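Here is how the chains run, residue by residue.
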Amino acid sequence: MCLGIPGQIVAITDETRQMAMAEVSGVRREVNVACVAQGALEGLVGQWALIHVGFAMSLIDEDEAEKTLEALRDLGEAQEALEQMAAGDAALAGE
């Protein structure tokens, strides 16, 4: 199973290599858009895509992107709570 993280394409960086700059949760990184390119790459600017290991794997709409980001934030918060509970249990057990 792979996990794609929603990112918004903000610029085309190298049309020949089909590379674009994507903003993923406030962090910008260059991604390959070959999997989602149809026509002129400039048409991708402003679009949301699922990003996985440096590739834009599929285009999604803004609503789906927000829901996915919210779910990922919730998972992160749940993981943090579980880690805190485990640390508390370990402290009580004298580990």
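Quick note: structure is the one above.
Rules used in this analysis
- Residues numbered from 1 in each chain as written.
- Predicted model: local features only at pLDDT ≥ 70, side-chain atom pairs only at ≥ 80, totals over all residues.
- Heavy atoms only, no water.
- Salt bridge = Lys/Arg side-chain N within 4 Å of Asp/Glu carboxyl O.
- Helix = DSSP H or I, 4+ residues; strand = E, 2+ residues; numbered from the N terminus.
- Buried < 20%, exposed > 50% of the residue type's maximum accessible area, 1.4 Å probe, protein only.
- Pairing = 2+ DSSP bridges.

Q: Mind showing me how you'd approach the pattern of salt bridges here?
A: Pairing between side chains of opposite charge can happen when their charged atoms approach one another. For the structure on display, the rule yields four salt bridges. A salt bridge links Arg 17 to Asp 14; its shortest N-O distance comes to 3.2 Å. Across the pair Asp 63 and Lys 67 runs a salt bridge whose closest N-O atoms are separated by 3.2 Å. A residue pair is termed a helical-turn pair when its members lie 3 or 4 positions apart in one helix, as Asp 63 and Lys 67 do in helix H1 (residues 62-92) at four residues. With a relative accessible area of 55%, Lys 67 lands in the exposed category.

Q: Which parts of the structure should I look at to understand unusual backbone geometry?
A: Both trends apply: most residues other than glycine have a negative phi, and most peptide bonds are in trans. Phi angles above zero are rare outside glycine, and Ser 25 is one such case at about 50°. With a phi angle near 40°, Val 53 is a residue other than glycine that sits in the positive phi range. Relative to the elements of secondary structure, Val 53 occurs in the loop between strand S4 (48-52) and strand S5 (55-60). Residue classification places Val 53 among the exposed positions, given a relative accessible area of 63%.

Q: Is there a simple way to think about the pairing of S4 in this case?
A: A regular strand places its side chains on the two faces of the sheet in alternate fashion. When strand S1 (residues 5-14) meets S4, the two strands line up antiparallel, connected through four bridges. Of the residues in S4, the one forming a bridge with Pro 6 is Leu 50. With antiparallel pairing between neighbouring strands as the criterion, S4 and S5 make up a hairpin whose turn holds two residues, including Val 53 at a positive phi of roughly 40°.

Q: Even after reading the chapter, I still don't get the pairing of strand S3 (residues 27-32), so can you show me in this structure?
A: Note that strand S2 (residues 19-24) and S3 share six bridges and pair antiparallel. Bridged to Met 19 within S3 is Asn 32. Where S2 folds back onto S3 in an antiparallel hairpin, the turn is made up of two residues, including Ser 25, whose phi is positive at roughly 50°.

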